[in-house]
Amino acid sequence: MGSLERVRQGLESAGQAHVLQYWPELSPDERERFLRELSQLDLQGLRVHCEGAAKAAVTPPERLDQFMQPVPAELIGSVKKSDPNCLAEWEDEGLLQISQNKVGVLLLAGGQGTRLGVQYPKGMYDVGLLSGKTLYQIQAERIHKIQELAEVKHGSSCIIPWYIMTSEFTLAPTEKFFKDNKYFGLESSNIIMFEQRMIPAVTFDGKLILQERGKVAMAPDGNGGLYRALVDNKVLEDMKRRGVEYLHVYCVDNILVKMADPVFIGFCVCKGADCGAKVVEKAYPAEPVGVVCRVRGVSHVVEYSEIQPETAELRGPGGELVYSAGNICNHFFTRAFLEDVAENFEDQLKQHVAIKKVPFLDSCGNQVKPSKPNGIKMEKFVFDVFPFSRTFVVFEVLREEEFSPLKNADGAATDSPTTARNALLAQHCRWAAVAGASLLDKHGNVLSPAASISDPAGGCPILMIC
C-alpha cells in the first residue's frame, strides 16, 4: 500500500478525511511536503487526540481546594528568611558543582513573540536597553559570568552547557541569530539546540484545522514537551557524556533570570532533592500565577483558575497568605530524575487546554484570520512532573531581583518591554548604590534608585551598563 493510501486510511479511520479535500489542487512539491507532514502525525492516536481535545475544552477544571496543603516549612529555603550562613553554604556548594562541570542550563524557547507583536523568537527581542542587548545576549553573558565566578573560586576552568529547546517556529531563526552574533562569545559546541514536537490544532467539534490547502495547523506541545524532546533528540545522552548531573531549567521571557544560580543549585543539592522550584511571594491573592503546594500529599502547581477565591485569600497567623508560593517556571532537576520521567512517567503527564485564534480555510478554500478563538491547542506543562519527585524542595526568591516576565506589547499594564526594562535597570541601580555609587540626574542632583528608574528624564548614568 502506498504512503498516500496509508495516510488516507488513517485519516478516514480517525474521522479526519476532510484534510485531503484540496489534494487534487496541490502541485507535486506541495503534495510531497504535505504527505511528509501527515506521515509524521500519530495517525493511530489521532481520533483519541481530537475527541479528547473537544471534550477537554468543555470540561470545567477540577476544583482542588479541599485537597491542597502548603509545602512543609522544612522543604523551603528563602533568600530572605534562611540563615545567612546556610545561604553562604549553599552558594559554595553550587559553585563547587559548577566548577566540576556538573551543572547545565536548559532554556525553554519554543514560543514566538506573537503577543509582543513580533513573529520571531522571544529571545531575540530587544526591550529597549541603551546597549540594544536581547534576552539571548543577556542570558549568554550571565553564563559567562557564573563560569568565571566558579573558576576564580576553585582555580579550574569549567563549562556550563546551554541546552535550548526550540520548536518548528523558532529553531531556524534561533540558530541563525546565534551564528550571526558569534554565539555571544560562548563555544558553539556547548550550545545544544533541539526541537520539541508539534501537535495538530483542533476545532471545537474535534476536527483538524487546515491552515492552508496543504498544511494542517500545528502548535508546539507546550513546555512540558521537554521530556519527550529530551529522548527524541538524545539530549539526555549528551548530558551523560558531558558529566552533567544537575539542570537549571527556565523560560526565555524572564529578563531577571539568574543562570545556574549557585545558591539555588547548592540548596537543592544539599537537600538531596531530585526536583526543585523557585517561587516568589504572590503580590495579591488573585494574582494570575500558579501556586506551588501539595495536592493529596504530593507536590503540584495548581493554576490560579483552579483555586476558589476564598482559598486564595486564606491567611496564616501572621497575616501572610497561606498559598503564597507563586510559580515562575524556574526549576532544578537532576539528570537522573529527567531520565526517570522520560522512561516511566512521560505518558502520564496531564494535557492542558488552550483556546486560541487559529488561522483556517473557509468552505471556499480562502484563508481566514479569526477575530475570536476558534480552536483548541493541547499542551503539557514542565511542572507537571512535580508529583513524580521523591524529594521536592522550594526556594523563595525576591520578585524584584529574579522575576520580570516579558509577555505583552507596550501599553499593557504588566509584563511588557517597559516593565521588563525598568525591572532590570532598577536592579542595576540598586547594585550600584550598594557598591557606594551615587546616582545623579542630568542636573547633578542625587537620586534614589527608585526615582532614577521611574523618571526616564533623570538620566541615571548606571543605565549604560545594561
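None of the values given here were measured: they were computed from a predicted structure.

The rules behind these values
Residues numbered from 1 in each chain as written. Predicted model: local features only at pLDDT ≥ 70, side-chain atom pairs only at ≥ 80, totals over all residues. Heavy atoms only, no water. Pairing = 2+ DSSP bridges. Helix = DSSP H or I, 4+ residues; strand = E, 2+ residues; numbered from the N terminus. Contact = heavy atoms within 4.5 Å. Axes fitted to C-alpha atoms, helices over the stretch in contact; angles between N-to-C directions. Parallel < 35°, antiparallel > 145°, perpendicular 65-115°, else oblique. Left-handed = near helix turned anticlockwise from the far one by under 90°. Nonpolar A, V, L, I, M, F, W, Y, C, P; charged D, E, K, R; others polar. Phe/Tyr/Trp six-rings, centres within 6.5 Å; stacked < 30°, edge-to-face > 60°. Buried < 20%, exposed > 50% of the residue type's maximum accessible area, 1.4 Å probe, protein only. Lys NZ or Arg CZ within 6 Å of the ring centre and 35° of its normal.

A. Expanded view of the sheet that holds strand E16 (residues 352-356). Across the sheet, three strands lie side by side as E7-E19-E16; this open sheet has antiparallel pairing. Of all the strands in the sheet, the pair left with one neighbour each is strand E7 (202-203) and E16. Note that E7 and strand E19 (residues 375-379) share two bridges and pair antiparallel. Pairing of threonine 203 across the sheet is with glycine 375, part of E19. Sheet strands in contact with helix H3 (residues 46-57) are E7, E16 and E19, and its direction is about 105 degrees off that of E19.

B. Broad picture of the packing of helix H1 (residues 3-13) against helix H2 (residues 28-39). Interaxial distance between H1 and H2 falls to 10 Å at its minimum, and their mutual angle equals 55 degrees. In terms of orientation, H1 and H2 fall into the oblique class. As for the relative orientation of H1 and H2, their crossing is left-handed in sense. Taken together, the residues of H2 that come into contact with H1 (itself represented by Ser3, Leu4, Val7 and Leu11) are Leu35, Leu38 and Ser39. Here the contact of H1 with H2 is composed, by residue class, of five nonpolar, two polar and no charged.

C. Inspection of the packing of aromatic side chains at higher detail. Tallied over the entire structure, the rule returns 18 aromatic pairs. A centroid spacing of 5.8 Å and a plane angle of 15 degrees characterise the contact between phenylalanine 333 and phenylalanine 337, whose relative ring orientation is stacked. Residue classification places phenylalanine 333 among the buried positions, given a relative accessible area of 0%. Here phenylalanine 337 falls in the buried class, since its relative accessible area comes to 3%. Lying over the aromatic face of phenylalanine 67, arginine 296 brings its terminal NZ or CZ to 3.9 Å of the ring centre.

D. How the structure looks around unusual backbone geometry. Positive phi, normally seen in glycine, also occurs at alanine 260, with a value near 45 degrees. For alanine 260, the position within the fold is in the loop between strand E11 (246-251) and helix H9 (262-270). Judged by its relative accessible area of 1%, alanine 260 is buried. Not every positive phi belongs to a glycine, and arginine 296 is a case in point at roughly 55 degrees. Turning to its location among the elements, arginine 296 is positioned in the loop between strand E13 (291-295) and strand E14 (298-302).

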